Amino acid sequence: MDRETVEHMYRMVDDHVGAENLNALLKAFIEEKAQEQGSWASITRCTHDMLGGASPHIDRLAAATELILLCFDIVDDLQDQDHESKPWMRYPPEVALNAVLVLLTGFMGEIGQCGVNGRPLYEISKMLSRSVSGQHKDVTNEVSEVDDYLTMIQEKSGSLFRFACLMGYCLTDCSEETMERIDDLADCVGMIHQIQNDLKDIAQFDVKSDLLLRKRTLPVLYLLKVDSEAFRPVKEYYEGKITADALVQDKEQYMQLIADSGCIEYTKIVQSVCVQKAEELWTDLQVPSPGKEKFRELTYAAFA
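What counts and how
Residues numbered from 1 in each chain as written. Predicted model: local features only at pLDDT ≥ 70, side-chain atom pairs only at ≥ 80, totals over all residues. Heavy atoms only, no water. 1 Å grid on protein atoms, 1.4 Å probe; cavity = no way out; pocket = protein on both sides within 12 Å on 5 of 7 lines; lining within 4 Å. Points joined across faces, edges and corners; volume = space filled by probe spheres on them. Helix = DSSP H or I, 4+ residues; strand = E, 2+ residues; numbered from the N terminus. Nonpolar A, V, L, I, M, F, W, Y, C, P; charged D, E, K, R; others polar. Buried < 20%, exposed > 50% of the residue type's maximum accessible area, 1.4 Å probe, protein only. Arc of directions from axis to C-beta. Contact = heavy atoms within 4.5 Å. Phe/Tyr/Trp six-rings, centres within 6.5 Å; stacked < 30°, edge-to-face > 60°. Lys NZ or Arg CZ within 6 Å of the ring centre and 35° of its normal. Core = buried A, V, L, I, M, F, W, Y, C linked by side-chain atoms within 4.5 Å.

Asks: Summarise the layout of surface pockets; cite the residues concerned and give the values.
Replies: Empty space within the second largest pocket amounts to approximately 250 Å³. Around the second largest pocket, the lining comprises 14 residues; the ones closest to its centre are Arg119, Glu123, Leu166, Tyr169 and Met179. In terms of residue count, the dominant contributor to the lining of the second largest pocket is helix α6 (residues 118-139) (five residues). Along the lines of polarity and charge, the residues of the lining of the second largest pocket split into six nonpolar, one polar and seven charged.

In structure tokens form, the structure reads like this:
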């Protein structure tokens, strides 16, 4: 994240938080967010520029994008109780929740000052709610089939990329057709990245892995369908018949079984289908170069 975006986020905190300790805490959270390799603000700016936008508020909107995604990161970690190294996980939950509330109110105040109202404001709220709906399906383990999983990650992760793009085009003269095309492309991008995260996790057999948390990600759904006696303990674990300790005792054996099962290859195939769909949508996107190419580079080119 660039320093200009960080400074805008600091200003938003100063505008809304008078309590010195909470102000300092939020700025520490922002600094942690700034260390990430990806940049949601860049997607917002790129979308705006790609569509010929000229809003004087685009840098503020890009920073607001980062602010709300930081809020979502904190909530996600509180729900999953992982990423203990993150600063917001080193404080009591009630303190982290106060930070979340301030970030939400700060976001609303900032976009209001930038002139985002009416339908754009409604679409922003709807997109963020859509992501929460997907997250709810994830944390309550509502996923049981592949189609359920794909719908869930489209809502959970696709909505966040949609949101970052929406923050970029909400103050442009973008046509309805182009907005819909960008929204569909953003959904694909979100799914590509979420599948990649699930691929990384299945290879990490520890106490915070999706497998031991009984999450039904794409590779896990494949494993649960494997008709092999070797995978019976995994199925029994998901059915609550055995404990996590029983699996962890044979960690190396199960890591090898996962590697040999075909679940990784299967997951990569599904991911490649999402990439192919993204390529089709991107090709048909009627926007000028070089903005179009920059958007692809920022979002999913690494997987193509």
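Asks: Before we move on, could you go through helix α12 (residues 251-261) and cite the residues and values that matter?
Replies: Note on helix geometry: an α-helix contains 3.6 residues per turn, so any two residues three or four positions apart are oriented the same way. Within α12 the residues assigned to the buried category are Tyr254, Leu257, Ile258 and Ser261. Along the axis of α12, the buried residues cluster in a sector spanning 100°; they form a single face. Turned more than 90 degrees off the buried face of α12, the exposed positions are Glu252 and Asp260. Looking at the packing, one finds that the buried side of α12 touches α8 (176-202), α9 (218-225), α10 (232-238), α11 (244-248) and α13 (263-283). Residue Gly262 follows α12 closely and has a positive phi angle near 95°.

Asks: Just give me the short version of the packing of aromatic side chains, but keep the residues and values in it.
Replies: Here the distance between the centres and the angle between the planes together describe a pair of aromatic rings. Under the definition given, this model contains six aromatic pairs. Consider the rings of Tyr237 and Tyr238, whose centres lie 6.1 Å apart with planes at 90°: the pair is edge-to-face. Given the relative accessible area of 3%, Tyr237 is considered buried. Linked through ring pairs, Phe29, Trp88 and Tyr91 together constitute an aromatic cluster. Over the face of the ring belonging to Trp282 we find Lys292, whose NZ or CZ atom lies 4.9 Å from the ring centre. Cation over ring: Arg296 sits above Trp282, and NZ or CZ is 5.5 Å from the ring centre.

Asks: With reference to specific residues and values, describe the nonpolar core.
Replies: Counting 79 residues, the largest nonpolar core has Leu26, Ile74, Phe107, Ile124, Phe163 and Leu185 as its most contacted members. Broken down by element, this core gets its largest block of residues, twelve residues, from helix α4 (residues 58-80).

On their own, these measurements won't tell you what the molecule is for.
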